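Fold and geometry: a report
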Amino acid sequence: MAQTEANIASLIQPHLSQLTPYQAGKPLEELARELGLTNAVKLASNENPLGPSPRALAAIQTELANLHRYPDSHAYYLREDLSRHLGIKPEQVILGNGSDEILDLLVRTLVSPGDEVISSAHTFLMYGLLTRAAGGVFRPVPLKDLHLDLAAVARAVTPKTKLILLNNPNNPTGTVFSRADWEGFLAALPPTVTVVLDEAYIEFVDDPDVPQGVAYLAEDRLLVGLRTFSKAYGLAGLRIGYGYGPSKLLDFLNRLRLPFNVNRLAQVGARAALRDQEFLNRTLEVVRQGREFLCRELSRLGLSYVPTQANFILIRVGRPGQEVYQGMLREGVIIRAMDAYEFPDCIRVNVGLPSPYHHHRRPGRGRQEHRGQGSGQGLGLPLSG
Ligand SMILES: *Cc1c(COP(=O)(O)O)cnc(C)c1O
């Protein structure tokens, strides 16, 4: 019997039928396939424009000879390194195939069907998606002046709340919350609610008043911090991130975690990248200068944007962000329209490398010296990634 879509839909778990897949930034390879653009610039996924850490690349090269062996499922050496890096115990560290995987483990460990997960509106799309995948009820709290409203998040807690997911700096606004707000928030919570502090962009923060979750780590507090090698360390393609939290809670996550979830190349690459302070410093410098450049030029163009502490910036374009996205695609620049984040008149652009002109060429067009400010959809952003 031929299976129709309706047939199959009737067989899957009911709460999964409404899920929509995560929309990732458009891969460069896809743009090359579709438009024949081979030198396009991607500023859509907050990746590191400098490429991977050179030390990580060298370590990965050496490790290639061991690919016939399974990796260390507990990533002993990397967890040792990370525990030293953070000043905590190795059993307070868990590794994932991207920090996304740890988020998934947290939700699946803690959220039963019908339980509530509180987060903010206009935040990382994975939070709602993973909650719904687990049968949980996702409750986004509105932003206040484009900032996470921690007091309102604390007030939203009910007896059904199992998990609170916070992102600092927040993707896609780039805004941060302060130490005082964070401490007030922690003090207001019942001890049965687990707080996840996603610090995917914490390395880029300049503001000294931003709390680092690891300073609040305690065995008797249900707080888990998440960090990643995908952004500041330039290893998004390797898929590796980590969490830190009370070992007793991580124990349960480890029961659900698939063995060998972090591969050999990722383990050695991450260890080397963690030691590559020079690369990290260079990255932070590029991001700081790029942020300043973008803010200056956006002001000059009369476009409003949200002051950012991350490696990306949210820009109001005064028309559907999709239009600007499509227009920039044709120019060989991939950015992100923000309708999925419920900012339909905004785009998000990450910091790239400084360059007077894009280096790509389009068929039938020469160098693009004429491209300047206000040149149609291009926004005149002289950046390349
Ligand atoms: C990029 C990002 C991550 C990191 O994801 P990985 O799975 O580690 O690549 C996590 N949280 C947010 C908010 C992000 O933007």
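Small disclaimer: the values here were computed from a predicted structure and weren't measured.

**Some details on the confidence of the model for the protein chain**
Taken as a whole, the protein chain shows an average pLDDT of 92; of its residues, 92% reach a score of 70 or greater. Confidence drops under pLDDT 50 across residues 358-385; counting only partners more than four residues distant or on other chains, this segment forms 69 contacts.

**Digging into the packing of aromatic side chains**
Within this structure, the stated rule accounts for 10 aromatic pairs. Relative to tyrosine 242, the ring of phenylalanine 229 lies with its centre 5.8 Å away and its plane at 50°, an arrangement referred to as tilted. Remark: tyrosine 242 occurs in strand S8 (residues 241-244) and phenylalanine 229 occurs in the loop between strand S7 (223-228) and S8; sequence separation between them is 13 residues. One exposure class covers both phenylalanine 229 and tyrosine 242, and it is buried. Linked through ring pairs, Phe177, Trp182, Phe185 and Tyr216 together constitute an aromatic cluster. Geometry around phenylalanine 252 places arginine 255 over its ring, the cationic atom sitting 4.3 Å from the centre. The ring of phenylalanine 312 carries the charged tip of arginine 348 above its face, separated from the ring centre by 5.7 Å.

**Section: helix H6 (residues 125-133)**
Of all the residues in H6, the buried ones are Met126, Tyr127, Gly128, Leu129, Leu130 and Thr131. The elements touched by buried residues of H6 are helix H5 (99-110), strand S3 (116-120), strand S4 (137-141), strand S5 (161-167) and strand S6 (194-198). Note on H6: the residue one or two positions beyond its end, glycine 135, has a positive phi of about 80°.

**Remarks on the sheet that holds strand S12 (residues 336-337)**
If you trace the 4 strands from one edge of the open sheet to the other, you get S9-S10-S13-S12, paired in antiparallel fashion. Only two strands of the sheet have a single partner each, and these edge strands are strand S9 (304-305) and S12. The pairing of strand S10 (residues 312-316) with strand S13 (residues 346-350) spans 5 bridges and is classified as antiparallel. When the bridges of S13 are listed, isoleucine 313 appears paired with valine 349. Running over the sheet, helix H11 (residues 277-300) touches S9 and S10 and is turned about 10° from S10.

**Things to note about the side chain of glutamine 92**
Inspection of the secondary structure assignment puts glutamine 92 in the loop between helix H4 (76-86) and strand S2 (93-96). The exposure class of glutamine 92 is buried, given its relative accessible area of 8%. When neighbours within four sequence positions are excluded, glutamine 92 is seen to be in contact with Leu217, Glu219, Gly243, Tyr244, Gly245, Ser247 and Leu250.

**Overview of the site of the ligand**
The immediate surroundings of the ligand are formed by 13 residues, with Asp198, Tyr201, Thr228, Ser230 and Lys231 found nearest. Serine 230 places a polar side-chain atom, nitrogen or oxygen, 2.6 Å from an oxygen atom of the ligand. If the ligand stood free it would expose 380 Å²; the protein chains cover 93% of that surface. Assessed atom by atom at 2 Å from the grid points, the ligand resides in the largest pocket. When the residues that make up the shell around the ligand are grouped by side-chain class, the tally is 3 nonpolar, 6 polar and 4 charged.

**Quick notes on the sheet that holds S7**
Overall, mixed pairing links the 7 strands, which are arranged S2-S8-S7-S6-S5-S3-S4 in an open sheet. The sheet is open, and its two borders are formed by S2 and S4, each paired with just one other strand. Averaged over all adjacent pairs, the angle separating strand axes in this sheet is 20°, with direction ignored. The pairing of S3 with S5 spans 3 bridges and is parallel. If you follow isoleucine 118 over to S5, its bridge partner there is isoleucine 164. On the sheet, H5 packs against S2, S5, S6, S7 and S8 and is oriented at approximately 155° with respect to S7.

Cut-offs used in this document
Residues numbered from 1 in each chain as written. Predicted model: local features only at pLDDT ≥ 70, side-chain atom pairs only at ≥ 80, totals over all residues. Heavy atoms only, no water. pLDDT = per-residue confidence, 0-100. Contact = heavy atoms within 4.5 Å. Phe/Tyr/Trp six-rings, centres within 6.5 Å; stacked < 30°, edge-to-face > 60°. Helix = DSSP H or I, 4+ residues; strand = E, 2+ residues; numbered from the N terminus. Buried < 20%, exposed > 50% of the residue type's maximum accessible area, 1.4 Å probe, protein only. Lys NZ or Arg CZ within 6 Å of the ring centre and 35° of its normal. Pairing = 2+ DSSP bridges. Axes fitted to C-alpha atoms, helices over the stretch in contact; angles between N-to-C directions. Near = heavy atom within 4 Å. Polar contact = N/O pair within 3.5 Å; in protein donor to acceptor, adjacent residues only side chain to side chain. Areas by Shrake-Rupley, 256 points an atom, 1.4 Å probe, with all protein chains shown as cover. 1 Å grid on protein atoms, 1.4 Å probe; cavity = no way out; pocket = protein on both sides within 12 Å on 5 of 7 lines; lining within 4 Å. Sits in = over half its atoms within 2 Å of the grid points. Nonpolar A, V, L, I, M, F, W, Y, C, P; charged D, E, K, R; others polar.

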